[in-house]
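Residue-level structural notes
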Amino acid sequence: MKRRQILGFLGIAVAGLLLAMGLPLVTPSPGIAQSSTNITVSAASSLKDALQEIKPLYQQSKSNINISYNFGASGALQQQIEQGAPADIFISAAKKQVDALEQKRLLLPGSRTNLANNSLVLIVAQDVVGISSFSNLTDSKIKKIAIGEPRSVPAGQYGEEVLKNLQLYDQLKSKFVFANNVRQVLAAVESGNAQAGIVYATDAKTSNKVKVVVTAEEKLHSPIVYPVAVIKSSKNISAAKQFVQFLSGSQAKTVLRKYGFIVR
């Protein structure tokens, strides 16, 4: 009992001291704290480095917005969204996947825009010599060629188009090692599990273990465009739209250019 009395007297004394100093007595209220909003962005693997750098730039002015990224192959992400996986924003490495979601009315009308473009390159390990064109892939020293699974990985789809237009596909298909996303293609060449691979220029730029031997001519494949859109079922549509708008701004464009993306 005496202990409670002493603590009570101490509390009164501290309160009196604060009032004497002119400091207000403040009782924390959970209603005053600014609540945070979570946004999930499902994005193509090739955007990983750029988007991770953009996140803190955005949060400098939007500290109450928490952004979570879900990186993967565009086709796989499309299927996740169709099956009801939580996502507020989708950024694909091709129009095909966004077109499919739009046709199923899963996108917020009017929220779709094109974020950036890219180019397709042929890479080999740093120690590989004598490869300077796609036609050189028929050389016997090239045993394995890493390529994204065309049905779900846009980079694989573009690569397939290039090889078919160059009339090399049938000669090379026995050498293909299919990957679940474009970063796995890069990793296969870096590790030596494949002597060559077809990736985006932006992926090749992130590695010092590979070298670009040729850039595919644009006429050989469909335009490489990255559409972005807000998912209609998002619980945070206002915040999602704000982030998409930021991605089209000067700060985000500077980062995208830094990583080799083509921004209009």
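Everything quoted here is computed from the prediction, not taken from an experiment.

**Side note on the sheet that holds strand β7 (residues 176–179)**
Strand order across the open sheet formed by 5 strands is β7-β6-β8-β5-β9, with mixed pairing between neighbours. The open sheet has two free edges, formed respectively by β7 and β9 (210–215), since each of these has just one partner strand. Neighbour-to-neighbour, the strand axes of the sheet open up by a mean angle of 35°, direction not taken into account. Sheet topology note: the strand β5 (residues 120–125)/strand β8 (residues 196–200) ladder contains 5 bridges and is antiparallel. Across the sheet, V121 pairs through a bridge with V199, a residue of β8. The strands touched by helix α5 (residues 154–165) are β5, β6 (145–148), β7 and β8; relative to β8, the strand with the most contacts, the crossing angle is about 115°. On top of the sheet, helix α7 (residues 182–191) reaches β5, β6, β7, β8 and β9; it is set at about 145° to β8, its chief contact.

**A look at the UniProt feature "binding site: molybdate" (unreviewed entry) in the protein chain**
When the UniProt feature table is mapped to this numbering, "binding site: molybdate" (unreviewed entry) covers S46, S74, A155, V182 and Y200. A stretch of 155 residues holds the annotated residues, and the largest C-alpha distance among them is 13.9 Å, short enough that they meet in one place. Of the annotated set, the members that line the largest cavity are S46, S74, A155, V182 and Y200. Its location among the elements puts A155 in helix α5.

Reading the values: the criteria
Residues numbered from 1 in each chain as written. Predicted model: local features only at pLDDT ≥ 70, side-chain atom pairs only at ≥ 80, totals over all residues. Heavy atoms only, no water. Pairing = 2+ DSSP bridges. Helix = DSSP H or I, 4+ residues; strand = E, 2+ residues; numbered from the N terminus. Axes fitted to C-alpha atoms, helices over the stretch in contact; angles between N-to-C directions. Contact = heavy atoms within 4.5 Å. UniProt positions renumbered as here; feature names shortened; annotations may be inferred. 1 Å grid on protein atoms, 1.4 Å probe; cavity = no way out; pocket = protein on both sides within 12 Å on 5 of 7 lines; lining within 4 Å.

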